[in-house]
4 protein chains.
Amino acid sequence: MLRYFTAGESHGPALVAIIEGLPAGLAVDTNYINKQLYRRQKGYGRGHRQKIEADQVQILSGIRHGRCLGSPVTLLIENLDHKNWQDVMSAKPTSFSDDKQVRRLKRPRPGHADLAGGLKYQTRDLRDILERASARETAARVAAGALARLLLAEFKIEIASHVVMLGGVPEAPIEADWDSIVAIQDDELLRCVDPQVTQKMIERIDAARTAGDTLGGIFEVVARGLPAGLGSHTQWDLRLDGLLAQAVMSIQAVKAVEIGRGIVAAYLPGSQIHDEIGYNAKDKSFTRRTNRAGGLEGGITNGQELRIRGYLKPISTLRRPLQSVDIDTKDVSIAAFERSDITAVPAAGVIAEAAVALTLAAAFKTKFGGDSLEEMKANYNSYLEMLKNF
Amino acid sequence: MLRYFTAGESHGPALVAIIEGLPAGLAVDTNYINKQLYRRQKGYGRGHRQKIEADQVQILSGIRHGRCLGSPVTLLIENLDHKNWQDVMSAKPTSFSDDKQVRRLKRPRPGHADLAGGLKYQTRDLRDILERASARETAARVAAGALARLLLAEFKIEIASHVVMLGGVPEAPIEADWDSIVAIQDDELLRCVDPQVTQKMIERIDAARTAGDTLGGIFEVVARGLPAGLGSHTQWDLRLDGLLAQAVMSIQAVKAVEIGRGIVAAYLPGSQIHDEIGYNAKDKSFTRRTNRAGGLEGGITNGQELRIRGYLKPISTLRRPLQSVDIDTKDVSIAAFERSDITAVPAAGVIAEAAVALTLAAAFKTKFGGDSLEEMKANYNSYLEMLKNF
Amino acid sequence: MLRYFTAGESHGPALVAIIEGLPAGLAVDTNYINKQLYRRQKGYGRGHRQKIEADQVQILSGIRHGRCLGSPVTLLIENLDHKNWQDVMSAKPTSFSDDKQVRRLKRPRPGHADLAGGLKYQTRDLRDILERASARETAARVAAGALARLLLAEFKIEIASHVVMLGGVPEAPIEADWDSIVAIQDDELLRCVDPQVTQKMIERIDAARTAGDTLGGIFEVVARGLPAGLGSHTQWDLRLDGLLAQAVMSIQAVKAVEIGRGIVAAYLPGSQIHDEIGYNAKDKSFTRRTNRAGGLEGGITNGQELRIRGYLKPISTLRRPLQSVDIDTKDVSIAAFERSDITAVPAAGVIAEAAVALTLAAAFKTKFGGDSLEEMKANYNSYLEMLKNF
Amino acid sequence: MLRYFTAGESHGPALVAIIEGLPAGLAVDTNYINKQLYRRQKGYGRGHRQKIEADQVQILSGIRHGRCLGSPVTLLIENLDHKNWQDVMSAKPTSFSDDKQVRRLKRPRPGHADLAGGLKYQTRDLRDILERASARETAARVAAGALARLLLAEFKIEIASHVVMLGGVPEAPIEADWDSIVAIQDDELLRCVDPQVTQKMIERIDAARTAGDTLGGIFEVVARGLPAGLGSHTQWDLRLDGLLAQAVMSIQAVKAVEIGRGIVAAYLPGSQIHDEIGYNAKDKSFTRRTNRAGGLEGGITNGQELRIRGYLKPISTLRRPLQSVDIDTKDVSIAAFERSDITAVPAAGVIAEAAVALTLAAAFKTKFGGDSLEEMKANYNSYLEMLKNF
């Protein structure tokens, strides 16, 4: 069983991820984790916070001499900004009675967890909610996801993402093949395969910034090299499509998830949607000329590329704030403003890569078992043989 | 904790659902469950199977004298068609050596679990897979969901669904308010609020039938009466948006899930998407003029209508079959044909109502606890008071 | 992941077990399940109920032509006595207003769940509690356990049990080796390896019957053929000792669980308790001359016999009833009497075999993965090779 | 849902605990956590390590201004000894080729996870196993347990422990009532209620030290103030007896778990074991004159004191080492020696208090729900009213 959890507030001392179930012997390179953290922080349209933080991971447990022990791995990412928030975020009882001193937030921002969370947890300082609801939490998921990626890489499974639409640009989401997606550089501004479209997206972002507005968009995650047979049709909560949908929808600001050509599929007849089956005698493998299913049939991987898209709403914190209500006076007011970005679609793609990697790694562990990398590999190779001899 | 599982093959003796965590004292009316099963079987474009089966539930455990005991409830739905499949589906070792006698399936149908499942479970009779992967399984989910609905109804929470697009008709999904959705009759042909659109959908289905083709579409589930505060932003696997996405995506043939106006949200700026906050002093409740968020912010219900859409691919079994491969000879062939429907979008909506009801009931149990209905209600009312005094 | 649940009331229509995660291709013989059910019903000192019921399993799902499909297996055991309880246990709303007609129970029996359950679920008919709390539920666990045993048997893992003390006879629990335990016949009266002790136990039971009293005792479950490496020391809830303790303690009337010589170990110094390590060059395996650890070190199997004991309190229903209180009047009264046994230690051992088998099968599935028996076996053999080459 | 996990190696940089599901508003005092950590480190017969470490907790998340936020709480305990082990335990790839430099362990210690873990995880340096298997891990459990205690304290539930036998002294475990147990001071040498027995235990420990041997014993945890109704009889994995047995058995070196008078109960007839039921009209509560059941009937708390005992084997690391095998040469050798204690029964009691507290807090959260302390209290009080009016 592979499981993972994160903890940490946005301006608290640190973010933490615990991931459990990685096989003993898996090599872990801290630089690789940091590289993923770097990728998450990139993107045109990001705000000031990304300049303060240059996320670096510390390993507190589970790894010795560069290899996993099989025990839980704890990853810690310091919040460099915390030094400016020590009183506001102190764990100790405070004597501050002034709202300003603790940066109390009482005008909930539409689109955020502020109000719903405040009601649920019965707190009158909505900062208690936003500090955890903040998308900064995803740094911890990306760090954990980096370990999942390293595991999958041992089985030649790779994961990438690209931005297929941002703020309505272009109108029809971009289709791209694997090679053009992996050709995207980590410091590329918007993780879009088409430089001309990128330019238009930049213009769209600049216009939004001028207007004090924010933008959403669509990203696509692609996983390549997966064997047929991950996930299961046998119970609703074992289906990999459902598990992936959960993982991606649980990313802050994602409001829709699509597998393969899921949305177009609803419009077209079956004869144009289902992927006909062929056979490659040389490889001893079943083939498809098309992949509208996005690599999943019946909740199970079918050996094709996994393709999953997330639809991101615009960032909920606007510089030109929306209407809200003061929770003390109940008077109509404008929403609080908390430093934020204009858009974060490229980052969301990177975060979704991590979420997908963690979900696939868990499915891998379930199917192939194994407590050491050696054992897991032996099991995997034995299964690949079975697939060939099917 | 409320949890549920289903079991059963499509042509086996029965489908079974076990649901656990319902409070003692909850009144259960068998007719209500049967009514939900009836709603699942309706719809223009369904095939012959729905005429054979007129699903009726039997209660094997957990209910006594019309009320839940707090113990696991077992629901059983006999497969009436099983009598014609006793040899094919017998649990006993068989002496049949003839493929025909056991209706062996060896030409996997594109879009179904047949091939991926066959490879995963290493079976050479793909019937071993399709019997469980079949959407007939959802009858059990609908039965379990009926109990979840009865629980929610005690708290004045109602759930309904409608078809917003079928096979491309109409081009733009239909928007409908609560009253027009609940006005849909259970025996209405396509569960669409607009009779003129319904007529066009019927024509589309007739054309597909003539062409030996199949159709998908989009349904929307709406839940009304939910309090703010179900789900949580604090951990990825506690977010209600993720849990709902999993529940709906795990329904056979669903390939995309959208919360509120999630897809449009990716295209528009923040100023046009987020739902501004107001306050109703009379009700002592926070209000919204719009509900593009679909009732969820930060993975938590915000007290607005929950709106979630599922995108259904066309049914994978085509009368004019697609290309496949014989798994014995590896020769290109046409896919096997297994009796099926032209389309099942209205049914999928009913199934998704059940999936949503089960997810909400679980979130309810988590937040309000309570082992008897009386206890749960006391807790709920106490929370509603807190919301008013916030 | 292998998981299992049971459902069903003692006098309801049926008991049900669902077990999930068995590999496709595992051969299942109904007679074998029935044999385990038979073993559970045996034993000197059992009451009338065991004569009414001659438990026979029906398979409702998950098995076709004698082999597991990989889908959830549903096992159903009809309660033959139900025909005499149809009104009392009807799922339909009842018009009975008379306590007698519904056999209402309002004087809770000390030692049973009656009172604690009644308070928890706020029911004024304690029959609502006892029907599910009854040890008859364990028939379903034994049936599910039979499938786990069949799985383990494919890997040459066997499980047996014996009674080591009953009602204080003999004073010091009996020690027995594997061969003498498996030599016990299924219809042997008390599952004790020593005929002379058995005779004394019978006398003890007869005396208790005369006195209107009941007896407990100690059973031991032994599993043989386990590889080193099941369970894990890495997290509290992955430790196999903890999981086994839960499984055995969750059996009705078990009040203590001991692994290996766990109780004696608390009294003796380390030099007399820990099992020194040797090596057998021929087998390429590590050896122990002693097995006080009962096959588990650090929450992991170490390749020795697993030995686990359960301590059973006397049956809580006494013919000469204990003091209780009428829940209506609050007057002191005698406890209700519900037909029962004098003792059930041999049966408890058989039930614990099932609980242990299910726990081990789950640990097996976690470590070796595999969706087909063929795949699981390949993984297992590959691991055995690694052990040899360590 | 309340869940918790720990991470961290014995000589790694830190131990970490994450606990999730504590209600918002719960006051947390760091000193209280440190006090529990201090209690764990005390005890006559402890080794040098306890002098190096004076465990202090750091809060990394989930608490702000002295109160829980409802988000996951991360607790970190630095390993002060780590500074002496930086190379040995470095997470970075190492160039050390010398076994001594990395303190490689290759002669597994009987009784520890060393050998079973080494085989499972296929590591040739058994330090990879022992570092996580070490009982130092329990510091993290005690820290998490401190938060669970604080939650329970809000509901007037208290937990204490005492040593009832150590190394065979006295022969019959000590019985003690609540008042004498809570009178034990935190710095008392052996947490035994009887000073004369304590003196004999000290002599026993001194003798063991002289002999290079180690000792085990029995501790008892008592929880007071619990309401009837935690846990459930309805499913095997919901029974509180099973969950408590798992929690206590999962503590390093515990080999048996007993609830109430569970072991004696196996020997005596029912008439002498079950706790007769009375009623106290003044309190409107059901009463018992005896509590042999240890507060649990049918897997549910019955409102009496919870009493649970753990049987600890002697510490597995002996100064006069046992026989082992060198895993490289396979030659018989003596087991490696790793600095350790003579006995740790008092500490084990403190750890078990934490394990019990965490289990009870989880059962509490399941039954009473509630996201804020205020909500949880309202629910609890409402249930207490129901109990009175039953």
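Everything in this summary refers to the structure shown in the same document. (Residues numbered from 1 in each chain as written. Chains lettered and ligands numbered in written order. Predicted model: local features only at pLDDT ≥ 70, side-chain atom pairs only at ≥ 80, totals over all residues. Heavy atoms only, no water.)

The two chain copies are related to each other by a rotation about an axis together with a translation along it. Turning chain A through 180° and shifting it by 0.0 Å along the axis lays it on chain C, with an RMSD of 0.0 Å. Each copy turns onto its partner about a two-fold axis. Of every C-alpha in chain A, the one belonging to Gly369 of chain A sits nearest the axis of rotation, 2.2 Å from it. By residue overlap, the copies meet face to face through one surface: 100% of the interface positions of chain A are interface positions in chain C. (Least-squares fit on C-alpha atoms with pLDDT ≥ 70 in both. Contact = heavy atoms within 4.5 Å.)

What follows deals with the interface of chain A and chain C. Residue-level contacts link 24 residues of chain A with 24 residues of chain C. Contact with chain C buries area across many residues of chain A, yet Lys367, Glu375 and Met386 of chain A alone supply 25% of it, more than any other trio. The interface formed by chain A and chain C contains six salt bridges. Ionic pairing is found between Asp371 of chain C and Lys367 of chain A, a salt bridge with its closest N-O pair at 2.6 Å. At the junction of chain A and chain C, the tally comes to ten residue pairs in polar contact (both at pLDDT 80 or more). (Buried area = accessible area lost by both parts, 1.4 Å probe. Salt bridge = Lys/Arg side-chain N within 4 Å of Asp/Glu carboxyl O. Polar contact = N/O pair within 3.5 Å; in protein donor to acceptor, adjacent residues only side chain to side chain.)

This part is about the packing of helix 5 (residues 138–153) of chain B against helix 10 (residues 345–368) of chain B. Residue and element names in this part refer to chain B. Running from N to C, helix 5 and helix 10 cross one another at 50°; their axes reach a closest spacing of 7 Å. In this view, helix 5 runs oblique relative to helix 10, as classed from their interaxial angle. In the crossing of helix 5 with helix 10, the sense of the turn from one axis to the other is left-handed. Where helix 5 approaches helix 10, its residues Thr138, Arg141, Val142, Ala144, Gly145, Ala148, Arg149, Leu151 and Leu152 are matched on the opposing element by Val350, Ile351, Glu353, Ala354, Ala357, Leu358, Leu360, Ala361 and Phe364. Its residues assigned to classes, the contact of helix 5 with helix 10 comprises 13 nonpolar, two polar and three charged. (Axes fitted to C-alpha atoms, helices over the stretch in contact; angles between N-to-C directions. Helix = DSSP H or I, 4+ residues; strand = E, 2+ residues; numbered from the N terminus. Parallel < 35°, antiparallel > 145°, perpendicular 65-115°, else oblique. Left-handed = near helix turned anticlockwise from the far one by under 90°. Nonpolar A, V, L, I, M, F, W, Y, C, P; charged D, E, K, R; others polar.)

On to helix 3 (residues 114–121) of chain C. Residue and element names in this part refer to chain C. Most of helix 3 sits out of view: eight of its eight residues are buried. Those residues of helix 3 lying buried are Asp114, Leu115, Ala116, Gly117, Gly118, Leu119, Lys120 and Tyr121. Once helix 3 ends, the next one or two residues include Gln122, with phi positive near 50°. (Buried < 20%, exposed > 50% of the residue type's maximum accessible area, 1.4 Å probe, protein only.)

Quick look at the relation of the copies chain B and chain A now. For the pair chain B and chain A, the best superposition has an RMSD of 0.0 Å and corresponds to a rotation of 180° with a translation of 0.0 Å parallel to the axis. The fraction of interface residues of chain B whose copies in chain A are also interface residues reaches 100%, indicating that both copies meet through the same surface.

Take the interface of chain B and chain A next. Counting residues at the interface gives 103 residues for chain B and 103 residues for chain A. Summed over both sides, the interface between chain B and chain A buries roughly 8800 Å², with carbon and sulfur atoms accounting for 63% of that surface. The interface formed by chain B and chain A contains zero salt bridges. Taken together, the connections running from chain B to chain A amount to 43 residue pairs in polar contact (both at pLDDT 80 or more). Element by element, the count of residues in the side of chain B that touches chain A is highest for helix 3 (residues 114–121) of chain B, at seven residues. A class-by-class count of the residues in the side of chain B that touches chain A yields 49 nonpolar, 33 polar and 21 charged.

Per the stated rule, a full pass over the model turns up 38 aromatic pairs over all chains. Seen from their ring centres, Phe286 of chain C and Phe390 of chain C are 6.4 Å apart, and the 70° between their planes marks the pair as edge-to-face. Highlighted residues: Phe286 of chain C in strand 11 (residues 285–288) and Phe390 of chain C in the segment after helix 11 (373–388), separated in sequence by 104 residues. Neither Phe286 of chain C nor Phe390 of chain C differs from the other in exposure class; each is buried. With a centroid separation of 5.1 Å and an interplanar angle of 90°, the aromatic rings of Phe368 of chain D and Tyr380 of chain D are classed as edge-to-face. A residue pair is termed long-range when its members are at least 10 positions apart, and Phe368 of chain D in helix 10 (residues 345–368) and Tyr380 of chain D in helix 11 (residues 373–388) qualify at twelve residues. For Phe368 of chain D, a relative accessible area of 0% puts it in the buried group. (Phe/Tyr/Trp six-rings, centres within 6.5 Å; stacked < 30°, edge-to-face > 60°.)

Turning our eyes to something else, we now look at the pattern of salt bridges. Going through the model one piece at a time under the given rule, you end up with 136 salt bridges over all chains. The residue Asp125 of chain D makes a salt bridge to Arg64 of chain A at a minimum N-O spacing of 3.0 Å. Taken together, the residues span two chains, with Asp125 of chain D in the loop between helix 3 (114–121) and helix 4 (127–133) and Arg64 of chain A in strand 4 (residues 63–64). Residue Asp125 of chain D shares its accessibility class with Arg64 of chain A, and that shared class is buried. Linking Arg104 of chain C and Asp328 of chain C is a salt bridge whose minimum nitrogen-to-oxygen distance equals 2.8 Å. Linking Arg104 of chain C in the loop between strand 6 (73–78) and helix 3 with Asp328 of chain C in the loop between strand 15 (323–325) and strand 16 (332–334), this pair joins segments that are 224 residues apart in sequence. Judged by relative accessible area, Asp328 of chain C falls into the partly exposed class, the value being 35%.

Spatially, eight strands are ordered 7(C)-8(C)-14(C)-9(C)-9(D)-14(D)-8(D)-7(D) in an open sheet, and the strand pairing comes out antiparallel. The two strands at the open ends of the sheet, each matched to only one other strand, are strand 7 (158–166) of chain C together with strand 7 (158–166) of chain D. For this sheet, the mean inter-axis angle between neighbouring strands, taken without regard to orientation, is 20°. Taken together, the five bridges between strand 9 (residues 254–259) of chain C and strand 14 (residues 306–312) of chain C define a ladder with antiparallel strand orientation. Bridge pairing links Ala256 of chain C to Tyr311 of chain C in strand 14 of chain C. (Pairing = 2+ DSSP bridges.)

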